[in-house]
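In case you want the letters, here they are:
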Amino acid sequence: MYNNTINKVLIKNANIVNEDKIFVGDVYIEGSYIAEVAPQISVKSADVNVYDAEGMYLFPGVIDDQVHFREPGLTHKATIETESRAAVAGGITSFIEMPNTNPQTTTIEELNKKFAIAKASSYANYSFMFGGTNDNLEEILKVDPKNVAALKLFLGSSTGNMLVDNEEVLEKIFSSTDMLIAVHCEDEATIKNNLQAHMDEYGDDIPMKYHPIIRSEEACYLSSSKAIELAKKTGARLHIFHLSTAKETNLFTNKIPLEEKKITAEVCVHHLWFSDEDYKEKGTRIKWNPAVKTAKDREGLWEALLDDRIDVIATDHAPHTKEEKANVYTKAPSGGPLVQHALVSMLEAYHNGKISLEKIVEKMCHNPAKLFKIEKRGYIKEGFFADLVLVDLNKPWTVSNENIFYKCGWSPFEGNTFKSRVSHTFVNGKLVYKNFKFYEVKNGKRLTFDR
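The structure presented is a predicted model; accordingly, all values stated were derived computationally and were not measured.

Calculation rules
Residues numbered from 1 in each chain as written. Predicted model: local features only at pLDDT ≥ 70, side-chain atom pairs only at ≥ 80, totals over all residues. Heavy atoms only, no water. Helix = DSSP H or I, 4+ residues; strand = E, 2+ residues; numbered from the N terminus. Buried < 20%, exposed > 50% of the residue type's maximum accessible area, 1.4 Å probe, protein only. Polar contact = N/O pair within 3.5 Å; in protein donor to acceptor, adjacent residues only side chain to side chain. Core = buried A, V, L, I, M, F, W, Y, C linked by side-chain atoms within 4.5 Å. Contact = heavy atoms within 4.5 Å. Disulfide = S-S within 2.5 Å. Axes fitted to C-alpha atoms, helices over the stretch in contact; angles between N-to-C directions. Parallel < 35°, antiparallel > 145°, perpendicular 65-115°, else oblique. Left-handed = near helix turned anticlockwise from the far one by under 90°. Nonpolar A, V, L, I, M, F, W, Y, C, P; charged D, E, K, R; others polar. Pairing = 2+ DSSP bridges.

**Q** How should the side chain of Thr264 be read in this particular structure?
**A** If you trace the backbone, Thr264 turns up in strand β12 (residues 263-268). Judged by its relative accessible area of 0%, Thr264 is buried. One polar contact links Thr264 to Arg237, side chain to side chain, over a distance of 3.2 Å.

**Q** Could you clarify how one ought to interpret the nonpolar core in this entry?
**A** A general trend in soluble globular proteins is that nonpolar side chains are found buried together. Formed by 101 residues in total, the largest nonpolar core has its most connected members in Phe59, Leu153, Phe174, Leu238, Leu343 and Met364. In terms of residue count, the dominant contributor to this core is helix α13 (residues 342-351) (6 residues). Among residues more than four places away in sequence, those in contact with Leu343 are Phe59, Val62, Gly90, Gly91, Ile360, Met364, Val389, Val391 and Val422. If you look at the next biggest cluster of nonpolar residues, it comprises 18 residues, including Ile34, Leu58, Ala386 and Leu390.

**Q** In this structure, what is going on with the state of the cysteines? I would like to understand it.
**A** Each disulfide consists of a covalent bond between the sulfur atoms of two cysteine residues. Following the criterion strictly, the structure yields 0 disulfides and no others. For Cys408, which is in no disulfide, the shortest distance to another cysteine sulfur is to Cys268 and amounts to 16 Å. Judged by its relative accessible area of 9%, Cys408 is buried.

**Q** Explain the packing of helix α1 (residues 80-89) against helix α2 (residues 108-121) here, please?
**A** When two helices pack together, their arrangement is given by the angle between the helix axes and by the axis-to-axis distance. The contact between α1 and α2 brings their axes to 9 Å, and the two run at 55 degrees. With respect to their mutual orientation, α1 and α2 come out oblique. In this structure, α1 crosses over α2, and the sense of that crossing is right-handed. Of the residues in α2, those touching α1 at Ile80, Glu81 and Ser84 are Lys114, Ile117, Ala118 and Ser121. The residue inventory of the contact of α1 with α2, partitioned by class, reads 3 nonpolar, 2 polar and 2 charged.

**Q** Hey, could you run me through the pairing of strand β5 (residues 57-60) in this one?
**A** Two faces make up the sheet, and in a regular strand the side chains alternate between them. Because side chains alternate across β5, one face comprises the buried residues Tyr57 and Phe59, and the other comprises Leu58 and Pro60, equally buried. Where strand β1 (residues 8-18) lies against β5, 2 bridges are found, and the strand directions are parallel. The residue bridging Ile16 from the neighbouring strand is Leu58, located in β5. For β5 and strand β14 (residues 388-392), the ladder comprises 4 bridges, and the chain directions are antiparallel. When the sheet's bridge partners are listed, Pro60 is paired in β14 with Leu388.

**Q** Could you clarify how one ought to interpret the side chain of Thr101 in this entry?
**A** Structurally, Thr101 can be placed in the loop between β7 (92-97) and α2. Among the polar contacts made by the side chain of Thr101, one reaches the side chain of Lys114 at a distance of 3.4 Å.

**Q** Got a minute to help me understand the sheet that holds strand β13 (residues 312-314) in this structure?
**A** Think of a sheet as strands paired side by side through backbone hydrogen bonds, with each pair either parallel or antiparallel. If you walk across this open sheet you meet the 8 strands as β6-β7-β8-β9-β10-β11-β12-β13, and the pairing is parallel. Edge positions in the open sheet fall to β6 (62-67) and β13, since each of these has one partner strand only. Neighbouring strand axes in the sheet, compared pairwise and without regard to direction, differ in orientation by 30 degrees on average. Two strands pair when backbone bridges link them, and strand β11 (residues 238-240) and β12 are joined in this way by 3 bridges, in the parallel orientation. Bridging from a neighbouring strand, Leu238 pairs with Ile263 of β12. Each of β9 (150-155), β10 (181-185), β11 and β12 is contacted by helix α7 (residues 217-234), which is oriented at about 170 degrees to β11, the strand it contacts most.

This is the structure in structure tokens:
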């Protein structure tokens, strides 16, 4: 029986997946930290929770660099509490949340309010991105890069006034900040023209199959290539979110190690899993921005992920209610819930011979920590925080209403049977989740950055 009041844990006989190796060993935790990693550890003290993990795989906790947890202002869809709870059920122990809430996180005051909410309610470790607008450069310059994950700019598809479409302002932001700049790239003018043409033909009820034609390859590539050009011109540190086209992957390099890259890229699980062939069955439930595109694009994304042009796998978790998603095309919002099912979807790709366990850990755990310079997370190492996930690779389960933990109560993976299951999730040394049950321990801490 696990005793959560004891602050020592010994995980024995695990297949430890870390730094491009898999080896059988033990991990000893004291308090919030990993005290020892070794082939065999004997602890004589009685006040230790001991697990025999034989046959299971131990991963570092997943770090998701892009989520929308909807708080404040949109809490009918989700909250930091509900979605961080779902995240730990999916093996995600740290998240970086986006600024397009209500009010938007575009002032230091609103940023601090979010940190206060997370401190009181988050099951997982947390940080937030600060939002850029056409007129908040003064606030951007007040942000301490040691305390904030990054600056988020919407160069397309924004809510509120967060679309940064003034090129002069954009160049000034790129030139003025030392912060990592993370961007959503879709060309707004191209999308507006495409949308209008389809509305002229269909009105509001545009068939979903046209979504990747409206939010086209051209719109993505035009915006991504412009952002990269500006980063090269100004020397800014740029991270491009959720690539969705094969064409965009050619903008990135694998010729230098991640630590030396000034321009990096992310792909999300839905763009690796779905294709435009799925719109017929899934409809608006797989309506995302950028759009899920062709099977050929999906293959191009996989290729770039595996050859290291793409650095990180994330979710862009962005829940909406079932009622909101049931609207016609122009009124159905884009986005869907993903944090609970991201890791198991990638493990399914492992079972299908698409990716190794070591590569999954590299792209979901190690690389986000490296890329954002997150202190003491993302690895199974002595002295690092004990954010750990035990996975059973041979315990099939089917996604259903009964086991979905998102506040919105649905998943694009509903009805899907996964071969692997997240068995245990530890956050800062405490067991917070075990086989569809939660220990109600909100043990998340604020992420810190070595900058």
